[in-house]
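Given next are the chains, with one letter for each unit.
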Amino acid sequence: GNLRRSCERLSGVVLDIGCADGKPREFLPPDADYVGLDYFDTATRLYRTRPDVFGDAQQLPMADGSVDHVLLLDVLEHIPDPGRCLAEISRVLKAGGTLTIQVPFLYPIHDAPYDFHRWTKFGLERAARTAGLSIEQEMTIGHPLETAALGANIAMSKTVLNWVRNRNPLMLLGVTLPFLVFTTNTLGWLLARLSRSEEMMPYAYRMIWAKP
């Protein structure tokens, strides 16, 4: 899907910041040199993974102009000082190099307590300019109906899980959850396909920024 399309044309040194299990590696062409970087505490405690490099996105252990492409996928919201992170990415990118960035917009708190920020597209555009990067592509992910369906399904699933954990008698209603989730997803997807494009309420943004 989107991840494959983001990776299949990249070459040279590709730095994946907040790499978790290193999924992008399998979509890169053979001539790409993948480097997965993650914060020690996040990798060892949250994901139990081992990146190629342990490091802090706010102080990257790479030389100036040493990286061809950077992936920052659903990571910037977890960084205390995002401006510092983006400045570091700009520093390590070669001239003409790119940053592929994805961030959630209308999406629940996740990986608590390491979830700090949400951006609109306008905030992202301003952040790119501040970092000295130009915007090559923008993608709004999620029609409002799809975003609403996603939020409803997450809310229903979390509520049923809490009922089970607390032995609430309402947990018996959990047997209806698969049907409700399927119906909500199907209606959201179908009605979105039958409606005109609308960028008012996405659940995420994906952009490609370039270093001049």
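See above for the structure.
Residues numbered from 1 in each chain as written. Predicted model: local features only at pLDDT ≥ 70, side-chain atom pairs only at ≥ 80, totals over all residues. Heavy atoms only, no water.

Caption draft 1: Representation of the overall build of the chain. Each helix and strand in the chain was counted, giving six helices and seven strands. When the helices and strands of the chain are placed in sequence order, the string is α-β-β-α-β-β-α-β-α-β-α-α-β. With respect to the principal axes defined by its C-alpha atoms, the chain has extents near 60 × 40 × 35 Å. Considering the chain as a whole, with its 212 residues, one finds that 40% of them fall into the buried category. Summarising the internal contacts of the chain: among those between residues at least 6 apart in sequence, 69% fall at separations of at least 24. In the form shown here, the chain has an accessible surface area of approximately 11,900 Å², with 58% of it arising from carbon and sulfur atoms. The averaged location of the 24 negative side-chain charges in the chain is 5 Å from the averaged location of its 22 positive side-chain charges. (Helix = DSSP H or I, 4+ residues; strand = E, 2+ residues; numbered from the N terminus. Buried < 20%, exposed > 50% of the residue type's maximum accessible area, 1.4 Å probe, protein only. Contact = heavy atoms within 4.5 Å. Areas by Shrake-Rupley, 256 points an atom, 1.4 Å probe, with all protein chains shown as cover. Lys, Arg positive; Asp, Glu negative; His and termini not counted. Charge placed at Lys NZ, Arg CZ, Asp CG, Glu CD.)

Caption draft 2: Summary view of the sheet that holds strand 5 (residues 93–104). Taken in spatial order, the seven strands make up an open sheet running 3-2-1-4-5-7-6, and their pairing is mixed. Two strands lie at the open edges of the sheet, namely strand 3 (53–54) and strand 6 (134–141), each paired on one side alone. Across seven bridges, strand 5 lies against strand 7 (residues 204–210) in antiparallel orientation. Within strand 7, the position partnered with proline 104 by the bridge is alanine 204. Set on the sheet, helix 3 (residues 82–92) makes contact with strand 1 (12–17), strand 4 (67–73), strand 5 and strand 7; between it and strand 5 the angle comes to about 150°. (Pairing = 2+ DSSP bridges. Axes fitted to C-alpha atoms, helices over the stretch in contact; angles between N-to-C directions.)

Caption draft 3: Expanded view of unusual backbone geometry. Along the chain, alanine 112 connects to proline 113 via a cis peptide bond; the corresponding omega equals 5°. The backbone of aspartate 74 shows a phi angle near 55°, a positive value even though the residue is not glycine. Its location among the elements puts aspartate 74 in the loop between strand 4 and helix 3.

Caption draft 4: Looking closely at the nonpolar core. If you look at the biggest cluster of nonpolar residues, it comprises 30 residues, and the most contacted ones within it are Ile17, Leu72, Leu86, Ile89, Leu99, Ile101 and Trp209. In contact with leucine 99, other than residues within four places in its own chain, are Val70, Leu72, Leu86, Ile89, Leu93, Leu133, Met207, Ile208 and Trp209. By size, the runner-up hydrophobic cluster in this structure holds 10 residues, among which are Cys7, Ala32, Tyr34 and Leu73. (Core = buried A, V, L, I, M, F, W, Y, C linked by side-chain atoms within 4.5 Å.)

Caption draft 5: Inspection of the packing of aromatic side chains at higher detail. In the structure shown here, the tally under the stated rule is two aromatic pairs. Aromatic pair phenylalanine 105 and tyrosine 205: ring centres 5.7 Å apart, planes at 50°, arrangement tilted. Here phenylalanine 105, found in the loop between strand 5 and helix 4 (121–130), pairs with tyrosine 205, found in strand 7; they are 100 residues apart in sequence, far enough to count as distant. (Phe/Tyr/Trp six-rings, centres within 6.5 Å; stacked < 30°, edge-to-face > 60°.)

Caption draft 6: Looking closely at the environment of threonine 120. By secondary structure assignment, the location of threonine 120 is in the loop between strand 5 and helix 4. For threonine 120, a relative accessible area of 33% corresponds to the partly exposed category. The sequence separation of threonine 120 and alanine 204 amounts to 84 residues, and the corresponding C-alpha distance is 9.1 Å. What threonine 120 contacts, discounting residues up to four positions off in sequence, is Phe105 and Tyr205.

Caption draft 7: Spatial organisation of the pattern of salt bridges. Overall, the coordinates contain 10 salt bridges when judged by the stated rule. Residue lysine 94 pairs with aspartate 68 through a salt bridge whose shortest N-O separation is 3.3 Å. Of this pair, lysine 94 sits in strand 5 while aspartate 68 sits in strand 4, and the two are 26 residues apart along the sequence. Measuring nitrogen to oxygen at the nearest pair gives 3.9 Å for the salt bridge that ties lysine 121 to glutamate 199. Placement of lysine 121 in helix 4 and of glutamate 199 in the loop between helix 6 (177–193) and strand 7 is noted, with a sequence separation of 78 residues between them. Residue glutamate 199 is classed as partly exposed on the basis of its relative accessible area, which comes to 44%. Look at the salt bridges and you will find they share partners, linking Asp64, Glu88 and Arg91 into a network. (Salt bridge = Lys/Arg side-chain N within 4 Å of Asp/Glu carboxyl O.)

Caption draft 8: Spotlight on a nonpolar patch on the surface. A surface patch of nonpolar side chains, amounting to about 590 Å² of accessible area, comprises Leu145, Leu187, Trp189, Leu190, Leu191 and Leu194. Here the nonpolar patch gets four residues from one element, more than from any other, and that element is helix 6. Looking at leucine 194, the relative accessible area reads 66%, which means it is exposed. (Patch = residues over 30% accessible without salt bridge, like charges linked within 9 Å, V, L, I, M, F, W, Y side chains within 5 Å.)

That's the geometry; what it means functionally is another story.
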